[in-house]
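# Tertiary structure, described
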Amino acid sequence: MSRIGKKAITIPSGVDVKIADNDIVVKGPKGELALHVDDALTVRVEEGEILVERPDDSRSNRALHGLYRSLIANNVEGVSEGFKKELEIIGTGYRAAKSGNKLNLNLGFSHPIELEDPEGIEVEVPSNTQIIVKGIDKQKVGAYAAHIRSYRSPEPYKGKGIRYVDEYVRRKVGKTGK
C-alpha cells in the first residue's frame, strides 16, 4: 500500500470540499481550486477527512494513488493557507521593482526585463533584492518563481544571479595565474 496514498487529508475549518464524478472542487478563504481525479481511483469525504482509494495493486494505480492524494492535499493547503516562494537577487546593479501588476528586473542586460503577473499569482518586492511569489496553486507559484530565476540563474564562480532564499550555490575556484 502506498504510504502517501493511504494517509487521510484533514479538512481545515473554513474549507468546503465537493466531489461529483471524480471532479473535486475545494473552496476556502483564499479562493477555489478544481481537480479531475483519474477514473480508476475513488475519492470520498468521511468525518472531516478526504480518503483516496485504489481498486487494485496494479503498477499504474499505485502510481496514481500517491499522486492524486498529494494534488488534493496541495489544493486544500492552497485555499486555506496559500503558497509562497522567496527569491533573492545577488549581484552589483541587479535589482527588482514592482509597478502595478508588472515586475521590472534589471539583471545586467542591455534592457530591463518586464514581466506581467500571471492570473492567480501575486508578486511582492519588499526590497530591491527580494522577490516573493504568492498564490493558491502550488504548481503555478513554483513555475513562475522558476521562470523569474531562469533569466539569471546563479553562476558558480561569483554566485551572482537570482536564487531561492534557502538555495545553496556550490562555488568553484576560478583560474590561477602562473
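To be clear, the structure that these remarks concern was listed above.
Throughout what follows, the structure given in this document is the object of discussion.

Conventions used here
- Residues numbered from 1 in each chain as written.
- Predicted model: local features only at pLDDT ≥ 70, side-chain atom pairs only at ≥ 80, totals over all residues.
- Heavy atoms only, no water.
- Helix = DSSP H or I, 4+ residues; strand = E, 2+ residues; numbered from the N terminus.
- Rg over C-alpha atoms; globule rule 2.2 N^0.38 Å.
- Buried < 20%, exposed > 50% of the residue type's maximum accessible area, 1.4 Å probe, protein only.
- Contact = heavy atoms within 4.5 Å.
- Areas by Shrake-Rupley, 256 points an atom, 1.4 Å probe, with all protein chains shown as cover.
- Pairing = 2+ DSSP bridges.
- Axes fitted to C-alpha atoms, helices over the stretch in contact; angles between N-to-C directions.
- Phe/Tyr/Trp six-rings, centres within 6.5 Å; stacked < 30°, edge-to-face > 60°.
- Lys NZ or Arg CZ within 6 Å of the ring centre and 35° of its normal.

### Structural notes on the overall build of the protein chain
A count of helices and strands for the protein chain gives two helices and 13 strands. Computed over its C-alpha atoms, the radius of gyration of the protein chain comes to 21 Å, more than 25% above the 16 Å expected for a compact globule of 178 residues. Along the longest, intermediate and shortest principal axes, the C-alpha atoms of the protein chain span 65 × 45 × 25 Å. In the protein chain, which comprises 178 residues, the proportion classed as buried is 34%. For the protein chain, long-range pairs separated by at least 24 residues make up 50% of all intrachain contacts whose partners lie at least 6 apart in sequence. As presented, the protein chain carries roughly 11,000 Å² of accessible surface, and 47% of it is formed by carbon and sulfur atoms.

### Some details on the sheet that holds strand β12 (residues 130-135)
Strand order in this open sheet of four strands is β11-β12-β7-β13, and the pairing throughout is antiparallel. Two strands bound the open sheet, and with one partner strand each, they are β11 (121-124) and β13 (161-164). Going across the sheet, the axis of each strand differs from the next one's by a mean of 25°, ignoring polarity. Relative to β12, β11 runs antiparallel, the two being bridged by four bridges. Across the sheet, the residue bridging to Ile121 is Gly135, located in β12. Across the sheet, helix α2 (residues 138-150) touches β7 (83-90), β11, β12 and β13, and the angle it forms with β7 is around 10°.

### What to know about the packing of aromatic side chains
Under the definition given, this model contains zero aromatic pairs. Positioned above the aromatic ring of Tyr164, the side-chain terminus of Lys85 is 5.3 Å from the ring centre. When the ring centre of Phe109 is taken as origin, the NZ or CZ atom of Arg152, which lies over that ring, is 4.4 Å away.

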